[in-house]
Amino acid sequence: HELSAQLCSAALQAVPDDEAFLTLLAMTLQSCGRFDGATDAFRKLTVLRPEVAEYWSNLGLMLRHQKNFLAAEEMFRHAVSLPHDVPDILVNYGLLLLDMGRPAEARMKFLDACELDGHSADARIYAALTCIQCGDIPRAETLIPPAITWPALEPELRLELTKALIHLGRIAEAESLLQ
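Residues numbered from 1 in each chain as written. Predicted model: local features only at pLDDT ≥ 70, side-chain atom pairs only at ≥ 80, totals over all residues. Heavy atoms only, no water.

A. Quick peek at the environment of Ala113. Tracing the backbone shows Ala113 in helix H7 (residues 103-116). In this structure the C-alpha to C-alpha distance between Ala113 and Ala174, which are 61 residues apart in sequence, comes to 24 Å. (Helix = DSSP H or I, 4+ residues; strand = E, 2+ residues; numbered from the N terminus.)

B. Structural detail: the packing of aromatic side chains. One pass over the full model with this rule turns up two aromatic pairs. Here the aromatic rings of Phe76 and Tyr93 are separated by 5.6 Å at their centres, their planes lie at 10°, and the arrangement is stacked. With Phe76 in helix H5 (residues 69-81) and Tyr93 in helix H6 (residues 87-99), the pair connects residues that are 17 residues apart, well separated along the chain. Classification of Phe76 as buried rests on a relative accessible area of 0%. By relative accessible area, Tyr93 is classed as buried at 4%. (Phe/Tyr/Trp six-rings, centres within 6.5 Å; stacked < 30°, edge-to-face > 60°. Buried < 20%, exposed > 50% of the residue type's maximum accessible area, 1.4 Å probe, protein only.)

Here it is, written out as structure tokens:
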């Protein structure tokens, strides 16, 4: 990843406003955990292409990683105000709202993400968890119906699904996820 970042930086010396190189640099720095550099690159992308919701969302994600929650919220607010069809923007906004201790608002973002893509495992699982947290058990049960087949889940999301199933009293399903 370091070599990719160096190559992108060198290419940007020649063409500083190249969207493809800036995007690659931002994503590379993000994957290396270099959030300051990724933040700078995403900030440049929002100036270069202010109509792209994903750039604002990614900037919000970097600010969230840096615990700059208020600035991150501003970026996510702007991202969702733009036309988009990306449920991850809403999921990441919802996760930020959870970090900020606002589960009811987070629940709405996760449910909106489910509306965009009813098959998004992230959206459904986090929506179910926040529905449980907000006391809306019937809605949580509809989001995670019995015998649903999930795609391969990242370990963190698998754990979140396990928590939701336990809260819903579906212990056997939760245990099978842990095996």
